[in-house]
Amino acid sequence: MKLLLTSGGITNTSIRDALVELLGKPIGDSTALCIPTAQWGHPMCGPASVRGFVAGAPPWGGMTSMEWGSLGVLELTALPTIGAERWIAWVREADVLLVDGGDATYLCHWMRESGLADLLPSLPETVWVGVSAGSMVMTPRIGDYFVEWPSAPDDRTLGFVDFSIFPHLDHELMRGNTIADAERWAADIAGPAYAIDDQTAIEVTDDTVVVVSEGQWRLFTPAA
């Protein structure tokens, strides 16, 4: 897939331009599916925030309020009950998957349980836009620091990329998201890792990784 891994969504012109480039066409000509599933696994989320994301309501719905040609909802927890012959066609027809934040381990569980994780490698032209946990789920590990789902067996996620992500760097509403906190988190991760703020995204196409930012970010690399 083509990945646009963000902390806060499409928050500035640079990230929006990167999205349009990945799509290869205007947003208004693109078909999108939004995935709110990760929210159900996080104690700070619930019915109101899920509705806000799906409906494009502030402060949750920045991506879903964009001028998509078509926008639908894909709830991963429902997929195992309806049959792959229905939902796989929906995913294949979409130009972009908009994957919201919440708990990355919960999202990882349902991506595997639903079969979506197995499908993704067969979608080379589809764009995955993650927000927070929706980005972190594509990494190998998120660190115990970010695990909120009580049933998570550990902090491992899908590993579609070879680096980890510390989102919401220096966010004014989040204690414990300073660069010092990120440094301690990265030491536990023991692999390549990015700390990114809400004005930053990481674009991944094939083996190329590009940081797109109008804000602050930092790359941590393990000691040799």
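Not measured: the values here are computed from a predicted model.

What about the layout of surface pockets?
Size it by volume and the second largest pocket reaches roughly 200 Å³. Surrounding the second largest pocket, 14 residues form its lining, Met 1, Leu 3, Phe 160, Val 204 and Asp 206 being those nearest its centre. The class makeup of the residues in the lining of the second largest pocket is 10 nonpolar, 1 polar and 3 charged.

A word on the side chain of Asp 181
For Asp 181, the position within the fold is in helix 7 (residues 179-189). Among the polar contacts made by the side chain of Asp 181, one reaches the main-chain amide nitrogen of Asn 177 at a distance of 3.5 Å. For Asp 181, the side chain forms a polar contact with the side chain of Thr 178, separated by 2.7 Å.

Focus: the packing of aromatic side chains
Scanning all chains against the criterion turns up 8 aromatic pairs. Measuring from ring centre to ring centre gives 5.2 Å for Phe 146 and Phe 166, while their planes differ by 75 degrees; the resulting arrangement is edge-to-face. Placement of the pair is Phe 146 in the loop between helix 6 (133-136) and strand 6 (164-166) and Phe 166 in strand 6, with a sequence separation of 20 residues. Both residues of the pair, Phe 146 and Phe 166, count as buried. Judged by centre distance (5.1 Å) and plane angle (80 degrees), the ring pair of Phe 163 and Tyr 194 falls under edge-to-face. Of this pair, Phe 163 sits in the loop between helix 6 and strand 6 while Tyr 194 sits in strand 7 (residues 193-196), and the two are 31 residues apart along the sequence. Across this residue pair, the class does not change: Phe 163 and Tyr 194 are buried. A network of ring pairs unites the aromatic residues Tyr 145, Phe 146, Phe 166 and Trp 185 as a single cluster.

Basis of the calculations
- Residues numbered from 1 in each chain as written.
- Predicted model: local features only at pLDDT ≥ 70, side-chain atom pairs only at ≥ 80, totals over all residues.
- Heavy atoms only, no water.
- 1 Å grid on protein atoms, 1.4 Å probe; cavity = no way out; pocket = protein on both sides within 12 Å on 5 of 7 lines; lining within 4 Å.
- Points joined across faces, edges and corners; volume = space filled by probe spheres on them.
- Nonpolar A, V, L, I, M, F, W, Y, C, P; charged D, E, K, R; others polar.
- Helix = DSSP H or I, 4+ residues; strand = E, 2+ residues; numbered from the N terminus.
- Polar contact = N/O pair within 3.5 Å; in protein donor to acceptor, adjacent residues only side chain to side chain.
- Phe/Tyr/Trp six-rings, centres within 6.5 Å; stacked < 30°, edge-to-face > 60°.
- Buried < 20%, exposed > 50% of the residue type's maximum accessible area, 1.4 Å probe, protein only.

Shape is all these values report; function is a separate question.
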